[in-house]
Amino acid sequence: MTTTTEDRHTTGTEPPRRTGLRGLVERHPLAAFATLALGLSWLAWVPYILSPHGLGVWDIHFPEFLGTAQFTGVLPGALLGPLGGAFLVTAIADGRPGLRRWVGRLWRWRVAWYWYALALVGVPAIIVATGLPFAGGQVQAPSALALLALVPGLVVQLFTTGLSEEPGWRDFALPRLQERFGPLGAAAVLGPLWALWHMPLYLSDWGGWPDVHWTEPLVFALFTITFNVVMTWVFNRTGESLPVALLLHVGVNNTISTLWADMYPGMTAATMMHGLAIVSTVAALVLLVATRGRLGYPGPGTAPEARLVGSNDGTR
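All of these numbers come straight from a predicted model, not from anything done at the bench.

K.L.:
Can you walk me through the pattern of salt bridges in this structure?
P.N.:
When the charged atoms of two side chains lie near each other, side chains of opposite charge can form a pair. Within the structure shown, the criterion is met by six salt bridges. The shortest N-O distance in the salt bridge between Arg 105 and Asp 171 comes to 2.7 Å. Placement of Arg 105 in the loop between helix 4 (75–104) and helix 5 (113–130) and of Asp 171 in helix 6 (residues 144–198) is noted, with a sequence separation of 66 residues between them. The class for Arg 105 is buried, based on a relative accessible area of 13%. Looking at Asp 171, the relative accessible area reads 2%, which means it is buried. Here Arg 105 and Glu 240 are joined by a salt bridge, their closest N and O atoms 2.9 Å apart. Highlighted residues: Arg 105 in the loop between helix 4 and helix 5 and Glu 240 in the loop between helix 7 (216–237) and helix 8 (242–263), separated in sequence by 135 residues. For the pair shown, Arg 105 and Glu 240 are each scored as buried. If you follow the salt bridges from partner to partner, you end up with Arg 105, Arg 108, Asp 171 and Glu 240 in one network.

Right under this line is the structure:
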């Protein structure tokens, strides 16, 4: 269904524009979201970064869960930032209709099976294969424990990393950015923003502190910026399906955390990220050339259902 908008305002009937903070958010929702996404997360991460899990200047100990304190030290900030920021800005700027559209993308799961295969099998297989040229011959088959951890790990990642980030980056920001700047402009804004959001975490054990080299955040930023191009293409081609975007994102994380160290015991995190950045950059360039920069985006005003490729009715 295509939504059309009619201008029915007449002189003297247009409601006055709000002033103050609420009016500012309504006029600049993207800037408000970016400020909240970065500001709320970074502020919430300060104790973790200052704790023994980071710089070690503050004697605060975060409880561990599944062998890591990142669930209690990093996850709350992730939830407050992209997710919380998107919710607040949508509620203020668009009200209940906007919240329904925002939540509605979470239920767009009825897409062709091969998109799920790409997210759950194709991209993880590429990630595993990426390590082969950098392994120096130290490759081993994944253990039974690693294989058994794949599904539980995916579920955990889905309800932590996925749901804390994607409702903000892809659900809220990407459609608005594409409507305003087009797909290339949106990728040029969202990719660096997504990368910048992670940067303070390199001062904690999340990023390998204190052994992290100064180039590692830069390589990670390259990977994030280029992988954002891939995610933009998938998001557009699936009719703005947030479930597929979620699975694509967490599929990468889950493959790295469950299979990578098991299959490539001698490879460092820095070497791994170099390989991922190279493959992601190549994939982004191929998509940009193949789609002539459109990345599956048909233009503003087109209903998501009309963009859907491989819908379950077989007609789109």
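K.L.:
Help me understand unusual backbone geometry, please; the structure alone is not making it clear to me.
P.N.:
Keep in mind that most residues, glycine aside, have a negative phi and that most peptide bonds are trans. Omega for the bond connecting Trp 209 with Pro 210 falls within 30 degrees of zero, at 10°, which places this linkage in the cis form. Of note, Arg 292 is a non-glycine position whose phi angle comes to about 55°, a positive value. Tracing the backbone shows Arg 292 in the loop between helix 9 (269–290) and helix 10 (304–307). At Leu 295, a position not held by glycine, the phi torsion is positive, near 50°.

K.L.:
Explanation requested: the packing of aromatic side chains in the structure shown.
P.N.:
For any two aromatic rings, the description comes down to two numbers: the centre-to-centre distance and the angle of the planes. All told, the structure shown has 15 aromatic pairs when counted by the stated rule. Note on Tyr 202 and Phe 220: the rings are 5.8 Å apart at their centroids and 65° apart in plane angle, and the pair reads as edge-to-face. Placement of the pair is Tyr 202 in the loop between helix 6 and helix 7 and Phe 220 in helix 7, with a sequence separation of 18 residues. Look at Phe 220 and you get buried, because its relative accessible area is 9%. A cation over an aromatic ring shows up here: Arg 170 above the ring of Trp 194, its NZ or CZ 4.3 Å from the ring centre.

K.L.:
Teacher, can you tell me more about the environment of Gly 191 here?
P.N.:
With respect to the element layout, Gly 191 can be found in helix 6. Given the relative accessible area of 0%, Gly 191 is considered buried. Considering only alpha carbons, one finds Gly 191 and Ala 221, 30 residues apart in sequence, at a separation of 8.3 Å.

K.L.:
How do you make sense of helix 8 when you look at a structure like this?
P.N.:
Every α-helix winds through 3.6 residues per turn, so residues three or four apart in the chain are directed the same way. For helix 8, with 22 residues, the first-to-last C-alpha span of 30 Å sits near the 32 Å given by 1.5 Å per residue. Largest kink in helix 8: about 35°, centred on Ile 256. The buried count for helix 8 comes to 17 of 22 residues, which makes it a mostly enclosed element. By the N-cap criterion, in which a side-chain oxygen at the helix start approaches the backbone nitrogen of a residue two or three places on, helix 8 is capped by Ser 241, the distance to Val 244 being 3.5 Å.

K.L.:
When you look at the nonpolar core in this model, what are you seeing that I'm missing?
P.N.:
Most often, soluble globular proteins keep nonpolar side chains buried together rather than apart. In this structure, Phe 33, Trp 169, Phe 172 and Phe 227 are the most contacted members of the largest nonpolar core, which totals 72 residues. Looking at this core, the elements with two or more residues in it are helix 2 (29–50), helix 4, helix 5, helix 6, helix 7, helix 8 and helix 9. Of all the elements, helix 6 adds the most residues to this core, at 13 residues. Setting aside residues no more than four positions away along its own chain, Trp 169 makes contact with Phe 33, Ala 37, Pro 82, Leu 174, Leu 190, Leu 193, Trp 194 and Trp 197.

Conventions used here
Residues numbered from 1 in each chain as written. Predicted model: local features only at pLDDT ≥ 70, side-chain atom pairs only at ≥ 80, totals over all residues. Heavy atoms only, no water. Salt bridge = Lys/Arg side-chain N within 4 Å of Asp/Glu carboxyl O. Helix = DSSP H or I, 4+ residues; strand = E, 2+ residues; numbered from the N terminus. Buried < 20%, exposed > 50% of the residue type's maximum accessible area, 1.4 Å probe, protein only. Phe/Tyr/Trp six-rings, centres within 6.5 Å; stacked < 30°, edge-to-face > 60°. Lys NZ or Arg CZ within 6 Å of the ring centre and 35° of its normal. Expected span 1.5 Å × (residues − 1). Bend = angle between axes of the 7 residues up to and from the residue. Polar contact = N/O pair within 3.5 Å; in protein donor to acceptor, adjacent residues only side chain to side chain. Core = buried A, V, L, I, M, F, W, Y, C linked by side-chain atoms within 4.5 Å. Contact = heavy atoms within 4.5 Å.

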